[in-house]
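Next come the chains, spelled out residue by residue.
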Amino acid sequence: MKHITCIEDLRQLHKRKVPKAFFDYADRGSYAEETLRANRADLEAIKFRQRILVDVSKRDLSTTILGEPTSMPLILAPIGLCGMQHGDGEILACRAAQEAGIPFTLSTMSICSIEDVAQNVDKPFWFQLYVMKDRGFIKELIERAAAAKCSALVLTVDLQVIGQRHQDIKNGMTVPPEWSLSKVFDFATKPAWVAGVLRGKRRTFGNLVGHLKGTDDITALSTWISSQFDTSLNWKDVEWIRSIWPGKLILKGILDVEDAGEAVKTGAQAMVVSNHGGRQLDGAPSSIEVLPEIVEAVGSQMEIMFDGGVRSGQDVMRALALGAKSCMIGRAYVHGLGAGGQAGVAKAIDLIANELSVTMGLTGVNTIAEIDDRVLAV
């Protein structure tokens, strides 16, 4: 990791170390990937106002997220299949986040289960929930997260219908992987990855297998998953979840001012302005494009988090300047995980922290609370 200078370096190493199907699963978006590209392009278009001769000798990245102290305004977002990027990937990523003093969010579609992670880390983590048709299972999943002392529930609200990801289809993406000649060759060229995954606790969806009847083989599990995404999901379901979950609730996937107004009414503590990393509605606006209007509409009533295209400390600064209180990173840390396990995730976090600190210094601010649109060029 000595010569890694940016997230793109980690991405290139990730691409070399991990089989194509799993790298592409993390790296690519839906359909023509217009929104995936817009997330990056629109962030890069935001320019900073450079300031000079300001005393920035006491820069401090610490802040609070949902009332809890953190070392910086950063959260590891929920990402499915981390355990297929690196053996025990969810556990390793959570450890890296906790050592850095920031929250980690475990996906419903993780390889390591809620219990696996809870037994192997020192502090509470967040759990992300996909609501499926089997409400009995969802209730049990929420209760398992509470029993594991998860400190927040992140309810993803933008996945009633799945956006097609062309590359996953072309790669024949399945978990565990289905074998083909090309995959055998690909895996054979990545022995370290194979050894790591084989050493891992699991190689399928840990939160599902063993908790659902008749889903112990991959075919039955895949059939169940494909039948479970619920197109009838609505705001009343959020109320139902609120009645079961005893802790802090975050709604992830808000991209519209009207929806943001409805989110406030649910009693959730926070929302994440997000387009699912360009993996759902292709042609939707970038997250950063809609952030200011959502902040203006409801920022005084709910904590606003940002997700979508963050690859650097500069990107975190841009989102904070436009009103977000913290940022989630997904691909950025998964590239680190694929590149180097826990050390790679730690490197990704460290890169972003250092970039944020330098950007604060060169724009003349010392604390996170000082960051607003005055750090941006007109």
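Definitions and limits used
- Residues numbered from 1 in each chain as written.
- Predicted model: local features only at pLDDT ≥ 70, side-chain atom pairs only at ≥ 80, totals over all residues.
- Heavy atoms only, no water.
- Helix = DSSP H or I, 4+ residues; strand = E, 2+ residues; numbered from the N terminus.
- Contact = heavy atoms within 4.5 Å.
- Phe/Tyr/Trp six-rings, centres within 6.5 Å; stacked < 30°, edge-to-face > 60°.
- Buried < 20%, exposed > 50% of the residue type's maximum accessible area, 1.4 Å probe, protein only.
- Lys NZ or Arg CZ within 6 Å of the ring centre and 35° of its normal.
- 1 Å grid on protein atoms, 1.4 Å probe; cavity = no way out; pocket = protein on both sides within 12 Å on 5 of 7 lines; lining within 4 Å.
- Points joined across faces, edges and corners; volume = space filled by probe spheres on them.
- Nonpolar A, V, L, I, M, F, W, Y, C, P; charged D, E, K, R; others polar.

Student: Give me the environment of Leu106: which residues, what numbers.
Tutor: In this fold, Leu106 is placed in strand S4 (residues 105-106). Along the backbone, Leu106 and Glu90 are 16 residues apart, and their C-alpha atoms lie at a distance of 7.0 Å. Setting aside its immediate chain neighbours within four residues, Leu106 contacts Pro78, Glu90, Cys112, Ser113, Ile114, Val117, Phe125, Trp126, Phe127, Gln128 and Asn207.

Student: Requested: an account of the packing of aromatic side chains, with residues and values cited.
Tutor: Counted under the stated rule, the structure contains three aromatic pairs. Aromatic pair Tyr130 and Phe229: ring centres 6.5 Å apart, planes at 65°, arrangement edge-to-face. Linking Tyr130 in the loop between strand S5 (126-129) and helix H7 (135-147) with Phe229 in the loop between helix H11 (218-228) and helix H12 (235-244), this pair joins segments that are 99 residues apart in sequence. Residue class for Tyr130 comes out buried when judged on its relative accessible area of 13%. Joined through ring pairs, the aromatic side chains of Phe22, Phe187 and Trp193 make up one cluster. Stacked on the ring of Tyr25, the Lys or Arg Arg279 has its end atom at 4.8 Å from the ring centre.

Student: Break down empty space enclosed by the protein for me, citing the residues and quoting the values.
Tutor: Under the counting rule described, the total for this entry stands at one cavity of 30 Å³ or more. The computed volume of the largest cavity comes to approximately 60 Å³. Along the walls of the largest cavity sit Tyr130, Val131, Thr156, Val157, Leu159, Gln160, Phe229 and Leu233, which together make up its complete lining. Its residues placed into classes, the lining of the largest cavity shows six nonpolar, two polar and no charged.

Honestly, it's all geometry; don't read function into it.
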